[in-house]
Amino acid sequence: MGYNQQKHIRHGIRRYVRVSAIALTMLMLLAPFPIRAEFGDVVFNKHSEKEGVRPVIFPHWFHRIRFQCKVCHSELGFKMRAGDNVVLMSDIIEGKFCGMCHNDNIAWGADRCDLCHTGRPGLQSGVIGGASTGGPGRW
Amino acid sequence: MGRTSREQRRVKPARRWSWVMAVAIAISAGLAWAGNWKPLAQDGLHDPSNTALNQLQNPAEALSKLPPDTAGNQVNWVKALEQGKINPRTNIYAGTKVKVLDKKEPPDVLMKNTAELSMVRFPHKQHSEFLDCSNCHEGLFKSKAGTTPGFNMFNILQGEFCGRCHGAVAFPLTECKRCHNEPRPVPGGAAKAR
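Residues numbered from 1 in each chain as written. Chains lettered and ligands numbered in written order. Predicted model: local features only at pLDDT ≥ 70, side-chain atom pairs only at ≥ 80, totals over all residues. Heavy atoms only, no water.

It is worth spelling out the overall build of chain A at this point. Scanning chain A for helices and strands turns up 5 helices and 3 strands. Listing each helix as α and each strand as β along chain A from the N terminus yields α-β-β-α-α-α-α-β. Out of the 139 residues in chain A, the part that is buried amounts to 37%. Long-range pairs, those at least 24 residues apart, make up 52% of the contacts in chain A between residues at least 6 apart in sequence. A total of about 8,100 Å² of accessible surface is found on chain A, and carbon and sulfur atoms cover 60% of it. (Helix = DSSP H or I, 4+ residues; strand = E, 2+ residues; numbered from the N terminus. Buried < 20%, exposed > 50% of the residue type's maximum accessible area, 1.4 Å probe, protein only. Contact = heavy atoms within 4.5 Å. Areas by Shrake-Rupley, 256 points an atom, 1.4 Å probe, with all protein chains shown as cover.)

Attention shifts here to the overall build of chain B. Tallying secondary structure elements over chain B gives 7 helices and 4 strands in all. Along its sequence from the N terminus, chain B presents helices and strands in the succession α-α-α-β-β-α-α-α-α-β-β. Counting every position in chain B, which comprises 194 residues, the buried fraction comes to 31%. Long-range contacts, defined here as pairs at least 24 residues apart, represent 36% of the contacts in chain B between residues at least 6 apart. Entry remark: accessible area of chain B is about 12,400 Å², with carbon and sulfur atoms responsible for 58%.

Take the side chain of B:Thr114 next. Residues and elements named next belong to chain B. For Thr114, the position within the fold is in the loop between β1 (109-111) and β2 (120-122). A relative accessible area of 10% places Thr114 in the buried class. For Thr114, the residues in contact, after removing those within four places along its chain, are Met119, Val120, His180 and Arg184.

This part covers the nonpolar core. In terms of nonpolar packing, the biggest core is built from 13 residues, with A:Trp61, A:Ile65, B:Leu63, B:Leu66, B:Trp77 and B:Ile86 touching the most fellow members. For this core, the secondary structure elements donating two or more residues are α2 (60-66) of chain A together with α2 (59-63) and α3 (77-82) of chain B. Element by element, the count of residues in this core is highest for α3(B), at 3 residues. Not counting chain neighbours up to four residues away, the residues in contact with B:Trp77 comprise A:Trp61, A:Arg64, A:Ile65, B:Leu63, B:Leu66, B:Ile86 and B:Phe130. Formed by 11 residues, the second largest nonpolar core is a distinct cluster that contains A:Phe67, A:Val87, A:Ile92 and A:Phe97. (Core = buried A, V, L, I, M, F, W, Y, C linked by side-chain atoms within 4.5 Å.)

Right, let's get into the pattern of salt bridges. One pass over the structure, following the stated rule, counts 9 salt bridges over all chains. Ionic pairing is found between A:Lys96 and A:Asp91, a salt bridge with its closest N-O pair at 3.9 Å. The shortest N-O distance in the salt bridge between B:Arg121 and B:Asp108 comes to 3.8 Å. In this pair, B:Arg121 is assigned in strand β2 and B:Asp108 in the loop between α3 and β1, connecting sequence segments 13 residues apart. (Salt bridge = Lys/Arg side-chain N within 4 Å of Asp/Glu carboxyl O.)

With that settled, the discussion passes to the environment of B:Ile86. If you trace the backbone, B:Ile86 turns up in the loop between α3 and β1. Taking C-alpha positions, B:Ile86 is 8.2 Å from B:Leu66, a pair spaced 20 residues apart along the chain. Not counting the four nearest positions on each side in its chain, B:Ile86 is found in contact with A:Arg64, A:Ile65, B:Leu66, B:Trp77, B:Ala80 and B:Leu81.

Residues and elements named next belong to chain B. Looking at the element boundaries, Pro107 is found in the loop between α3 and β1. Taking the relative accessible area as the measure of exposure, Pro107 reaches 47% and is therefore partly exposed. Separated by 20 residues in sequence, Pro107 and Asn87 have C-alpha atoms that sit 24 Å apart.

Turning to the confidence of the model for chain A, a few remarks are in order. All names here are of chain A. Averaged over all residues, the pLDDT of chain A equals 81, while 67% of them reach at least 70. The model gives residues 28-35 a pLDDT under 50, and that stretch makes 9 contacts with residues more than four places away or in other chains. With pLDDT under 50 throughout, residues 130-139 is counted as low confidence; its partners more than four residues away or in other chains account for 27 contacts. (pLDDT = per-residue confidence, 0-100.)

All names here are of chain A. Spatial ordering of the open sheet is given by β2-β1-β3, a layout of 3 strands whose pairing is antiparallel. This sheet does not close on itself; its edge strands, each paired only once, are β2 (56-58) and β3 (126-128). Ignoring strand direction, the axes of neighbouring strands in this sheet form an average angle of 30 degrees. Strand direction decides the pairing type here: strand β1 (residues 41-44) and β2, joined by 3 bridges, are antiparallel. Across the sheet, residue Val42 finds its bridge partner in β2, namely Phe58. (Pairing = 2+ DSSP bridges. Axes fitted to C-alpha atoms, helices over the stretch in contact; angles between N-to-C directions.)

Attention now moves to the pairing of β1(A). Note that β1(A) and β3(A) share 3 bridges and pair antiparallel. Its bridge partner being in β3(A), A:Asp41 is matched across the sheet by A:Ile128.

Below, the discussion takes up the state of the cysteines. All names here are of chain A. Considering all chains together, one arrives at 0 disulfides over all chains under this definition. With no disulfide of its own, Cys72 lies 6.1 Å from the sulfur of Cys101, the closest cysteine sulfur. The buried category is assigned to Cys101, whose relative accessible area is 12%. (Disulfide = S-S within 2.5 Å.)

This brings us to the confidence of the model for chain B. Residue and element names in this part refer to chain B. Overall, the predicted model of chain B reaches an average pLDDT of 83, with 77% of residues at or above 70. A low-confidence stretch, residues 29-34 stays under pLDDT 50, and its non-local contacts, those more than four residues away or across chains, total 3 contacts. For this predicted complex, the interface confidence comes out at an ipTM of 0.79, alongside a pTM of 0.87.

See the structure below:
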């Protein structure tokens, strides 16, 4: 093997090592903190931004510490599919949907706008978190 | 130019990269140890300019006290309930009838169409401690083992059947072994775990 050829190969190997080191480093830096909303958070933004308020974020983790799934998804009748419940603010104030609890009785009332309307502008409705049910590759 | 000085110059960057990698490993190990819950203001979802955000609870505050897990909310919710770390209400209205399971009725359902993988033992007991029968029957599943049409892993990954909850709110579908939990008996007699 000629010297030039050897040099070429050595250079190639070094570059390979270096590139994979960069890739690995980036992977390791990113792995512990992907852009991470909490698993199971639900965004409501069918009407909110159109009506000039922030999107709503519903945290499953917070509520499931206090209520079994069956309270909302059976007793109170929330459909188990993000977006299937068409929620209007007038309903909530009348005691439907979130308003079944957020009525100054079981939890604080519907006048605390900023505690529910907490999302960044531009969010899409749906379940956000570590995984979603949108199909292969999205979980 | 001399060959040796060139050689040295080429070696150094490689060494530098190994340092960078070592530091990166140390940092990511430290972060993993510290837990992965993001404060609300930094989770990419909540609007940090909302001044009321500090009145909400950060996930780490509540979830770090519960039995740990490696996926989803990083909480083993089944253990949290069994150990009494959480005590979620079963109903809001006094009149609501809450079905409680007597012992193992209905039984676990063993699902065998799992190709080479371990079989799936579906536990009714653990699910009924969170859910009502009507959350699954008859909408998602039939009440007779082996009769639910279209029930397979592909559709689960599409967000149907088990995937309606697992991957959205309950532990995600990456945890194969927690569902594929029943080793397949092999003709020789001993069970084969996989």
